Amino acid sequence: MSQEIDLSGRAAMVTGAGSGIGRRTAHVLAEAGASVACTDVNAASAQETATAIQEAGGQAISVAHDVVDEAQWAAAVKATTDAFGNLRIMVNNAGIELVKTIDQISTADFRRVMDINVLGVFLGIQACADVMHESGGGSIINLSSVAGLIGAPRQAAYCASKGAVRLMTKATALELAGSGRKVRVNSVHPGIIETPMMNDLIMGVPEDQREARIAQMHARHPIGRLGQPTDIANAILFLASDMSDFMTGSEVVVDGGMTAN
Ligand SMILES: NC(=O)c1ccc[n+]([C@@H]2O[C@H](COP(=O)([O-])OP(=O)(O)OC[C@H]3O[C@@H](n4cnc5c(N)ncnc54)[C@H](O)[C@@H]3O)[C@@H](O)[C@H]2O)c1
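Residues numbered from 1 in each chain as written. Predicted model: local features only at pLDDT ≥ 70, side-chain atom pairs only at ≥ 80, totals over all residues. Heavy atoms only, no water.

**Comments concerning the packing of helix α1 (residues 20-31) against helix α2 (residues 43-55)**
α2 packs onto α1 with a crossing angle of 25 degrees between their chain directions and a minimal axis gap of 10 Å. Looking at the two axes, α1 sits roughly parallel to α2. Crossing of α1 against α2: the hand is right-handed. Within the contact between the two elements, α1 uses Arg23, Ala26, His27 and Ala30 and α2 uses Ser45, Glu48, Thr49, Ala52 and Ile53. Here the residues of the contact of α1 with α2 sort into four nonpolar, three polar and two charged. (Axes fitted to C-alpha atoms, helices over the stretch in contact; angles between N-to-C directions. Helix = DSSP H or I, 4+ residues; strand = E, 2+ residues; numbered from the N terminus. Parallel < 35°, antiparallel > 145°, perpendicular 65-115°, else oblique. Left-handed = near helix turned anticlockwise from the far one by under 90°. Contact = heavy atoms within 4.5 Å. Nonpolar A, V, L, I, M, F, W, Y, C, P; charged D, E, K, R; others polar.)

The structure is reproduced here in structure tokens:
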């Protein structure tokens, strides 16, 4: 028996919703009926996502929001509940990549990656867990990466941050379930997904090596292609819905088989 996912009557927040995976996730959640707060440090891009959702007949607002700023978290959650009430879905998606050797990574670089990718997710969980519980329960989805499961050269800071997201997800899932709060927490681990983040990585490679680098990226995915934002948004949709009601503390790997061997 098939079951449609219906999120109508539920509000969702998506951080980093102005680009790539976050933007596509905001659309997919809205298409399933959720009212979506599209937040991003880049206010104009968040607004573009919200406008596109509205034009497609969905419900959305945009919020200018730096995930590293605790006060802005409180304001973003308030803006969402003021607009839609009933906060039930939180997608901690905002993140940055850093490709540098151990010798090149400065303390400031390392701190910035940890601030946005780890502290930003923690503040999100802290800001919304009780609100979601009081709304009747909810689902928090944290974007980790294959880089939270396996190492990669020139990605020490990024791998450290995504590994931290993986275990913070499990720790908070246990704590919330154990304290009787009806809030599930799961992590998603994408392979290489064609987004502006990935394009930036390719542009960072010398021009004469780009084609080889792209071929190398393809070869890492046994399924024969790179991922698309929709591949990740669909997994997030499932985790946001009641179809995943028995899942908490899980790591959902969406990587075309990259980490299977
Ligand atoms: N693209 C990939 O191959 C890939 C693979 C694995 C995991 N991921 C993860 O998925 C998430 C989304 O990646 P993407 O590829 O869509 O990236 P992207 O660069 O296309 O989009 C990231 C968005 O986050 C926003 N952002 C950055 N810093 C912020 C901050 N401090 N506060 C609020 N917003 C901020 C940016 O403005 C941007 O809109 C990230 O957490 C990334 O690490 C991506």
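**A short note on a nonpolar patch on the surface**
Where nonpolar side chains cluster on the molecular surface, the patch consists of Leu149, Ile150 and Val253 and spans about 190 Å² of accessible area. Inspection of the secondary structure assignment puts Ile150 in the loop between β5 (138-143) and α5 (156-178). (Patch = residues over 30% accessible without salt bridge, like charges linked within 9 Å, V, L, I, M, F, W, Y side chains within 5 Å. Areas by Shrake-Rupley, 256 points an atom, 1.4 Å probe, with all protein chains shown as cover. Salt bridge = Lys/Arg side-chain N within 4 Å of Asp/Glu carboxyl O.)

**A few points about the sheet that holds strand β7 (residues 251-254)**
The parallel open sheet is built from seven strands, whose spatial order is β3-β2-β1-β4-β5-β6-β7. Two strands bound the open sheet, and with one partner strand each, they are β3 (59-64) and β7. Taken pair by pair, the neighbouring strands of this sheet meet at an average axis angle of 20 degrees, ignoring direction. Two strands pair when backbone bridges link them, and strand β1 (residues 11-15) and strand β4 (residues 87-92) are joined in this way by four bridges, in the parallel orientation. Bridging from a neighbouring strand, Ala11 pairs with Leu87 of β4. Contacts from helix α3 (residues 70-84) reach β1, β2 (35-40), β3 and β4 within the one sheet, and its direction differs from that of β3 by about 160 degrees. In the packing of helix α4 (residues 107-134) onto the sheet, contacts are made with β4, β5 and β6 (183-190), and the angle to β4 comes to roughly 170 degrees. (Pairing = 2+ DSSP bridges.)

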